[in-house]
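Each chain, letter by letter, is given below.
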Amino acid sequence: EIFSLIYTHLSISVDVCIRCAGYIGDNCRTVPVGSVSPEVERLLQVTEEAMFLGIRQAVHKNRVGDVSNAVQSHVEDAGFAVITNFVGHGVGKSLHEEPQIPNYGRAGTGPLLKRGLTVAIEPMVNMRKKEITMAADGWTALTEDGMPSAHFEHTIMVDKDRPEIL
């Protein structure tokens with residue numbers, strides 16, 4: 001029974017950062033390992049949808065809060081929890097640049113998004129509670145309640161009418 005519980009919840013997040021011609025690209029995807037429960041499938045689906053909803057808001061003259069609110073609203077409407085300890089971020093010649101792009105917030109607030117800005121939009125979503133703890137390695141994030149989590153990320157460029165996924 002314990003093996004079954006672990007097996008139905010198993011997924012892995014692969015977060016890849018590349019450097020090309022001095023610039024950074026940062027992307028992540030969470031994939032199921034073997035068969036997973038319908039609840040885990042739904043968590044993965046909602047998290048990826050939230051990323052794309054946030055990306056749609058990343059247009060010239062919108063604000064960071066428009067992206068943040070799109071992510072948070074979709075995640076919470078589905079009954080899941082946004083991790084608040086980590087945020088999306090500007091990406092350029094360094095991995096983590098301004099502005100920070102939280103996965104929660106109020107529409108119409110925060111820094112203005114300008115054409116040409118490159119950012120990583122990356123919802124991180126827990127199945128039940130938002131709290132996480134860091135493992136002893138200082139890198140691995142774990143849900144405090146031991147429930148599954150998902151993470152999707154694209155680096156995008158803000159443009160006038162629609163963002164471009166890089």
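Within each chain, residue numbers correspond to sequence positions counted from 1 in written order. Only residues with pLDDT of 70 or above have their local features reported here, since the model is predicted, and side-chain atom pairs are shown and tallied only from 80 upward, although totals for entire chains, interfaces and linings are computed over all residues. Note that the side-chain values use all heavy atoms of the structure and ignore hydrogens as well as water.

Enquirer: Could you give an account of the state of the cysteines, with specific residues and numbers?
Expert: When two cysteine sulfur atoms are found within 2.5 Å, that pair is recorded as a disulfide. Considering all chains together, one arrives at zero disulfides under this definition. Considering cysteine sulfurs only, Cys17 is the nearest to Cys28, which forms no disulfide, with 12 Å between them.

Enquirer: Hey, could you go over the pattern of salt bridges for me, with residue numbers and the actual values?
Expert: Just to be clear on terms, a salt bridge is a Lys or Arg side-chain nitrogen sitting within 4 Å of an Asp or Glu carboxyl oxygen. Inspection of every chain in the model, using the stated rule, returns three salt bridges. Residues Arg29 and Glu48 are paired through a salt bridge, measuring 3.0 Å at the closest nitrogen-oxygen approach. Taken together, the residues Arg29 in strand S2 (residues 23-32) and Glu48 in helix H2 (residues 38-56) connect sequence positions 19 residues apart. Judged by relative accessible area, which is 42%, Arg29 ranks as partly exposed. Helix and strand assignments come from DSSP, with helices taken as H or I runs of at least 4 residues and strands as E runs of at least 2, each series counted from the N terminus. Residue burial is assigned from relative accessible area. The probe radius is 1.4 Å, only protein chains are included, and a residue is buried under 20% of its type maximum, exposed over 50%, and partly exposed in between.

Enquirer: An account of the nonpolar core is needed here, citing residue identities and associated values.
Expert: One finds Ala58, Val75, Phe80, Ile121 and Ile156 to be the most contacted residues of the largest nonpolar core, which totals 25 residues. At seven residues, H2 tops the list of elements feeding residues into this core. Any two residues whose heavy atoms approach within 4.5 Å are treated as being in contact. Once you skip the residues sitting within four places of it in the chain, Val75 turns out to touch Val46, Ala50, Phe80, Ala81, Val82 and Val125. For our purposes a nonpolar core is just a set of buried Ala, Val, Leu, Ile, Met, Phe, Trp, Tyr and Cys residues, chained together by side-chain atoms within 4.5 Å.

Enquirer: Can you explain the pairing of strand S11 (residues 154-157)? Please cite residues and give values.
Expert: A pair of strands is treated as paired once DSSP finds two or more bridges between them. Judged from the four bridges that link them, strand S6 (residues 118-121) and S11 form a sheet pairing that is antiparallel. From the neighbouring strand, Ala120 faces S11, where its bridge partner is Thr155. As defined by bridge partners, S11 adjoins strand S12 (residues 164-165) across two bridges and the pair is classed as antiparallel. Across the sheet, Met157 pairs through a bridge with Glu164, a residue of S12.

Enquirer: Residue-level account of the sheet that holds strand S7 (residues 124-126), with values.
Expert: In spatial order, the strands read S3-S7-S10; together these three strands make up an open sheet with antiparallel pairing. Two strands lie at the open edges of the sheet, namely strand S3 (81-82) and strand S10 (149-151), each paired on one side alone. Sheet analysis places S3 next to S7, joined by two bridges and oriented antiparallel. Counted as the bridge partner of Ala81 is Asn126 from S7. Comment: axis = line fitted to C-alpha atoms, over the contacting stretch for helices; angle = value between 0 and 180 degrees taken between N-to-C directions. Where H2 meets the sheet, its contacts fall on S7 and S10, and the angle it forms with S10 comes to roughly 30°.

Enquirer: Give me the lowdown on unusual backbone geometry, citing residues and values where you can.
Expert: That bond from Glu98 to Pro99 is cis: its omega, 5°, falls within 30 degrees of zero. Relative to the helices and strands, Pro99 resides in strand S5 (residues 97-101).

Enquirer: How would you summarise the sheet that holds S6 if you had to cite specific residues and measurements?
Expert: Read across the sheet, five strands follow the order S5-S4-S6-S11-S12 without closing on themselves; strand pairing throughout is antiparallel. Of all strands in the sheet, those bounded by a partner on one side alone are S5 and S12. Relative to S11, H2 is tilted by about 15°, and along the sheet it contacts S6, S11 and S12. Along the sheet face, helix H3 (residues 64-77) touches S5 and S6 and points at about 40° away from the line of S5.

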